[in-house]
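Structural characterization, general
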Amino acid sequence: MRLFEKTLDVIGRGEREDHKRRRKITLHSLRRFTKSTISDLGYQDYSEWFIGHSGSTYWQKKESEKAELFKKIEPYLTLLDITSLKAKGADIETKLTEKEKEIQLLRQRDTINTDTISNLSDQVMKLMVEVQEMKNPSQF
């Protein structure tokens, strides 16, 4: 419970009810929220199992099926600032696009530089041949 309360304080959600000792968010209120949310999505039996109730002896699902159900309900249980996350995601996407453009530009420059070096090398080879011909005109 202490760790839960510290976590609430760290994420800025540790408010208390009207300056009382009790917090607005408790383990029990979190459990109620979870149960209600899953049940409201139409998974009553799963909600019972998820919060640790033995549930119906007739409700038997494989672990893979439970995992699939969890994937469906997880977004509804996640208490995040979605707007902020979407904005950060969009910012990251913009930066990635800019970096991809930079990489493409650098690749083009690299190709140009490689071609230039190759042309210069060819010219140097021609010059060396001409210099050799000038030094020893009888050999050629």
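Please read all numbers here as calculations on a predicted model, not as lab measurements.

A few points about the overall build of the protein chain
- Looking only at helices and strands, one finds five helices and zero strands in the protein chain.
- Each helix and strand of the protein chain, ordered N terminal to C terminal, gives the series α-α-α-α-α.
- Radius of gyration (C-alpha) of the protein chain: 34 Å, far over the 14 Å computed for a compact globule of 140 residues.
- C-alpha extents for the protein chain along the principal axes are approximately 105 × 45 × 25 Å.
- Counting the 140 residues in the protein chain, one finds 15% classified as buried.
- A sequence separation of at least 24 residues applies to 31% of the contacts in the protein chain between residues at least 6 apart.
- A total of about 12,100 Å² of accessible surface is found on the protein chain, and carbon and sulfur atoms cover 56% of it.

Quick notes on the packing of helix H2 (residues 27-40) against helix H4 (residues 63-77)
- Their axes nearest at 10 Å, the elements H2 and H4 cross at an angle of 125 degrees. It follows from the interaxial angle that H2 and H4 lie oblique. The way H2 lies across H4 gives a crossing that is right-handed. Note on element contacts: H4 touches H2 through Ile73, Tyr76 and Leu77, opposite Phe33, Thr34, Thr37 and Ile38.
- Of the residues belonging to the contact of H2 with H4, the class tally is five nonpolar, two polar and no charged.

Digging into the packing of aromatic side chains
- This structure, assessed with the given rule, holds four aromatic pairs.
- Ring geometry for Tyr46 versus Trp49: centroids 5.4 Å apart, planes at 40 degrees, classification tilted. With Tyr46 and Trp49 both in helix H3 (residues 44-50) and three residues apart, this pair spans about one turn of that helix.
- With a relative accessible area of 3%, Tyr46 lands in the buried category.
- A relative accessible area of 33% places Trp49 in the partly exposed class.
- Centre to centre, the rings of Trp49 and Phe50 are 6.5 Å apart; their planes meet at 55 degrees, and the pair counts as tilted.
- When its relative accessible area of 32% is taken as the criterion, Phe50 is described as partly exposed.

What about the environment of Ile103?
- Here Ile103 lies in helix H5 (residues 82-135).
- Under the relative-accessibility criterion, Ile103 is labelled partly exposed at 42%.
- Taking the C-alpha atoms as reference, Ile103 lies 21 Å from Gly89; in sequence the two are 14 residues apart.

Section: a nonpolar patch on the surface
- Among the surface-exposed residues, Val124, Met125 and Met128 lie close enough to one another that they form a single nonpolar patch of about 300 Å² accessible area.
- With respect to the helices, strands and loops of the structure, Met125 is situated in helix H5.

Digging into the side chain of Lys35
- Within the element layout of this structure, Lys35 appears in helix H2.
- In this structure the side chain of Lys35 is engaged in a polar contact, spanning 3.2 Å, whose partner is the side chain of Glu48.
- Aside from chain neighbours lying at most four places away, what touches Lys35 is Gln44, Ser47, Glu48 and Ile51.

Cut-offs used in this document
- Residues numbered from 1 in each chain as written.
- Predicted model: local features only at pLDDT ≥ 70, side-chain atom pairs only at ≥ 80, totals over all residues.
- Heavy atoms only, no water.
- Helix = DSSP H or I, 4+ residues; strand = E, 2+ residues; numbered from the N terminus.
- Rg over C-alpha atoms; globule rule 2.2 N^0.38 Å.
- Buried < 20%, exposed > 50% of the residue type's maximum accessible area, 1.4 Å probe, protein only.
- Contact = heavy atoms within 4.5 Å.
- Areas by Shrake-Rupley, 256 points an atom, 1.4 Å probe, with all protein chains shown as cover.
- Axes fitted to C-alpha atoms, helices over the stretch in contact; angles between N-to-C directions.
- Parallel < 35°, antiparallel > 145°, perpendicular 65-115°, else oblique.
- Left-handed = near helix turned anticlockwise from the far one by under 90°.
- Nonpolar A, V, L, I, M, F, W, Y, C, P; charged D, E, K, R; others polar.
- Phe/Tyr/Trp six-rings, centres within 6.5 Å; stacked < 30°, edge-to-face > 60°.
- Patch = residues over 30% accessible without salt bridge, like charges linked within 9 Å, V, L, I, M, F, W, Y side chains within 5 Å.
- Salt bridge = Lys/Arg side-chain N within 4 Å of Asp/Glu carboxyl O.
- Polar contact = N/O pair within 3.5 Å; in protein donor to acceptor, adjacent residues only side chain to side chain.

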